[in-house]
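One letter stands for each residue in the lines below.
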Amino acid sequence: MKKKIMSLGLAVMLSIGAFAQDDLIASLKENQSKAAKEGFVFTPIINLATTSVKNQGSSGTCWSYSGNSFLESEMIKAGKEPVDISEIYTARCTYIEKAINYVRMHGSLNYGDGGALHDVINIYEKYGALPEEVYTGLNYGTDINRFGEMQAVLKGMLDGVIANKNGQLTPNWITAFTAALDSYLGEVPETFTYNGKKYTPKSFAKEVVGLEASNYIEVVNLAYEPLYTDVFFPVPDNWSFDYAYNVSMTDLTDIIDNALEKGYTVGWATDVSEKYFSWKNGVAFVPEKDYRDMSNEERKTLFDGPKPEREITIDMRAEAFDNYTTTDDHGMQIVGLAKDQEGKAYYIIKNSWGESNDYKGYLYVTKNFVQYKTTALLVNKNGMPKQLLKKRKS
């Protein structure tokens, strides 16, 4: 039974960023109510400092935007002046590492824009970081990311390498792949000047960003795996085969609450392809009644104000993975806690889709939604409840 559930999970969980931003937003277009802004009154309880809202453009790089925004908030928490970290430098380095594994796995690996929150930490540790002003990734006249052609070209190259027409791989394929990235995203400078001082990407990460990769932990809840152990994270975009710390469903929100109370934001990988997730209105919750059973009037007024919620169970959460209703399709950052006019708690979420919604790029998401739809969290270990760290088995 365990193997059956795992195989289903692997087959159906879509990757973060598997669809371009515009496709995902388009699928959410009808999820809105006209009176939502007037129907909700949110009062912040915790509202942690963060950097400005960004727009990932037509690219599946939400994981890099949310992960780097998380690191920027970590700089603020550490008392540093935050840097606008180049998300596309992180993505570019990820594409190189992913390409190597894709070829090693003979193409039996997910390849594309998508990634996971742990990629940001892994790349930061191995490759360092660049400021946005040094590496924008906008190398061919666009003002936002447009990665469709680039990724088609890159995957075509990799599939040609795997076809192995020479009978053995040449030592030049990774050089050619990197040259294609240079053409689309721009060459990476070996050294650059920032605030009057010369750096390399690695020295910039060490001396300016100044964060330690070992301080961060990725957390998941997988019902079929033992609790409080590190388990394989079975999503297609886990191309690096990373493991994550498996905790209970209620631990997920306990971890977030503890981190926020201690002044730490949280990276959040989740599902947003729900009729009760509204990007336009900036609200997400789990209504008591299934959307299929709602009347037309109930659907039209779904986001008109606070509504009673369904109780979330571990069986309900696990079933959602197995029947394709929970997919790992987006990454954001949890930056605070608020209450509505009825006293219900909502997490304050920073997105990377620009400022086009009712809350200028932010959303308010209930704890029930987070328990139901979270696929992974990225947390500073100092923000973790101490008892959960003590439970962790090696």
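Because the structure is a prediction, the values reported are computed rather than measured.

Criteria and thresholds
- Residues numbered from 1 in each chain as written.
- Predicted model: local features only at pLDDT ≥ 70, side-chain atom pairs only at ≥ 80, totals over all residues.
- Heavy atoms only, no water.
- Salt bridge = Lys/Arg side-chain N within 4 Å of Asp/Glu carboxyl O.
- Helix = DSSP H or I, 4+ residues; strand = E, 2+ residues; numbered from the N terminus.
- Buried < 20%, exposed > 50% of the residue type's maximum accessible area, 1.4 Å probe, protein only.
- Arc of directions from axis to C-beta.
- Contact = heavy atoms within 4.5 Å.
- Polar contact = N/O pair within 3.5 Å; in protein donor to acceptor, adjacent residues only side chain to side chain.
- pLDDT = per-residue confidence, 0-100.
- Axes fitted to C-alpha atoms, helices over the stretch in contact; angles between N-to-C directions.
- Parallel < 35°, antiparallel > 145°, perpendicular 65-115°, else oblique.
- Left-handed = near helix turned anticlockwise from the far one by under 90°.
- Phe/Tyr/Trp six-rings, centres within 6.5 Å; stacked < 30°, edge-to-face > 60°.
- Lys NZ or Arg CZ within 6 Å of the ring centre and 35° of its normal.
- Core = buried A, V, L, I, M, F, W, Y, C linked by side-chain atoms within 4.5 Å.
- Nonpolar A, V, L, I, M, F, W, Y, C, P; charged D, E, K, R; others polar.

### Focus on the pattern of salt bridges
Inference 1: In the structure shown here, the tally under the stated rule is twelve salt bridges.
Inference 2: The partner of Asp 358 in a salt bridge is Lys 280, and the shortest N-O contact between them spans 2.7 Å. One end of the pair, Asp 358, is in the loop between strand 11 (345-350) and strand 12 (362-366); the other, Lys 280, is in the loop between strand 8 (277-278) and strand 9 (283-284), with 78 residues separating them in the sequence.
Inference 3: Between Asp 290 and Arg 292 there is a salt bridge; the shortest N-O distance is 3.0 Å.

### A few points about helix 12 (residues 314-322)
Inference 1: Along helix 12, the residues that are buried comprise Met 316, Arg 317, Ala 320 and Phe 321. What you see down the axis of helix 12 is that its buried residues fit within an arc of 140°, all on one side.
Inference 2: Tyr 324, located one to two residues past helix 12, shows a positive phi value of around 75°.

### With respect to the environment of Tyr 127
Inference 1: Inspection of the secondary structure puts Tyr 127 in helix 6 (residues 117-127).
Inference 2: Taking the C-alpha atoms as reference, Tyr 127 lies 53 Å from Glu 297; in sequence the two are 170 residues apart.
Inference 3: Filtering out sequence-adjacent residues up to four positions away, Tyr 127 remains in contact with Tyr 89, Cys 93, Ile 96, Glu 97, Pro 201 and Lys 202.
Inference 4: A polar side-chain atom of Tyr 127 sits 2.5 Å from a polar atom in the side chain of Glu 97.

### Some details on the confidence of the model for the chain
Inference 1: Looking at the chain as a whole, the pLDDT averages 93, with 94% of positions reaching at least 70.
Inference 2: In this model, residues 1-19 is a region of pLDDT below 50 whose contacts with residues beyond four sequence positions or in other chains number 49 contacts.

### Describing the packing of helix 5 (residues 87-104) against helix 8 (residues 173-185)
Inference 1: Packing of helix 5 against helix 8 brings their axes to within 11 Å, and their N-to-C directions diverge by 155°. Our classification of the angle between helix 5 and helix 8 gives roughly antiparallel. Crossing hand, helix 5 versus helix 8: right-handed. For the pair helix 5 and helix 8, contact is made by Ile 88, Arg 92, Tyr 95, Ile 96, Ala 99, Ile 100 and Val 103 and by Trp 173, Ile 174, Phe 177, Thr 178, Leu 181, Asp 182 and Leu 185, respectively.

### Brief notes about the packing of aromatic side chains
Inference 1: Counted under the stated rule, the structure contains 21 aromatic pairs.
Inference 2: For the ring pair Phe 40 and Phe 42, a centre distance of 5.4 Å and an interplane angle of 10° mean the geometry is stacked.
Inference 3: A centroid spacing of 6.2 Å and a plane angle of 35° characterise the contact between Phe 192 and Tyr 199, whose relative ring orientation is tilted. Each member of the pair Phe 192 and Tyr 199 is classed as buried.
Inference 4: Through pairs of rings, three or more aromatic residues link up here, namely Phe 40, Phe 42, Tyr 346, Tyr 359 and Tyr 364.
Inference 5: The side chain of Lys 98 reaches across the aromatic face of Tyr 111, ending 5.6 Å from its centre.
Inference 6: In this structure, Arg 392 packs its charged tip against the face of Tyr 245, placed 5.4 Å from the ring centre.

### A short note on the nonpolar core
Inference 1: Counting 58 residues, the largest nonpolar core has Leu 71 and Phe 204 as its most contacted members.
Inference 2: With nine residues, the top contributor of residues to this core is helix 5.

### What about the environment of Tyr 216?
Inference 1: Mapped onto the secondary structure, Tyr 216 falls in strand 4 (residues 216-220).
Inference 2: Note: C-alpha distance between Tyr 216 and Asn 166 (50 residues apart in sequence) is 43 Å.
Inference 3: Contact partners of Tyr 216, with chain neighbours within four places excluded, come to Phe 70, Leu 71, Glu 74, Ile 121, Leu 211, Leu 378, Val 379, Asn 380 and Lys 381.

### Comments concerning the environment of Asn 238
Inference 1: Turning to its location among the elements, Asn 238 is positioned in the loop between strand 5 (230-232) and strand 6 (243-246).
Inference 2: Expressed as a C-alpha distance, the spacing of Asn 238 and Asn 110, which sit 128 residues apart in the sequence, is 8.3 Å.
Inference 3: Once residues lying within four places of it in the same chain are set aside, the contact partners of Asn 238 are His 118, Phe 232 and Phe 233.
Inference 4: At 2.8 Å, the side chain of Asn 238 and the backbone oxygen of Phe 233 are in polar contact.

### Quick look at the packing of helix 4 (residues 62-77) against helix 6
Inference 1: With their axes 8 Å apart at the nearest point, helix 4 and helix 6 run at an angle of 60° to one another. As judged from the angle between their axes, helix 4 and helix 6 are oblique. In this structure, helix 4 meets helix 6 at a crossing whose hand is right-handed. For the pair helix 4 and helix 6, contact is made by Trp 63, Ser 64, Ser 66, Gly 67, Asn 68 and Leu 71 and by Leu 117, Asp 119, Val 120, Ile 121 and Tyr 124, respectively.
Inference 2: Among the residues forming the contact of helix 4 with helix 6, the class breakdown is six nonpolar, four polar and one charged.

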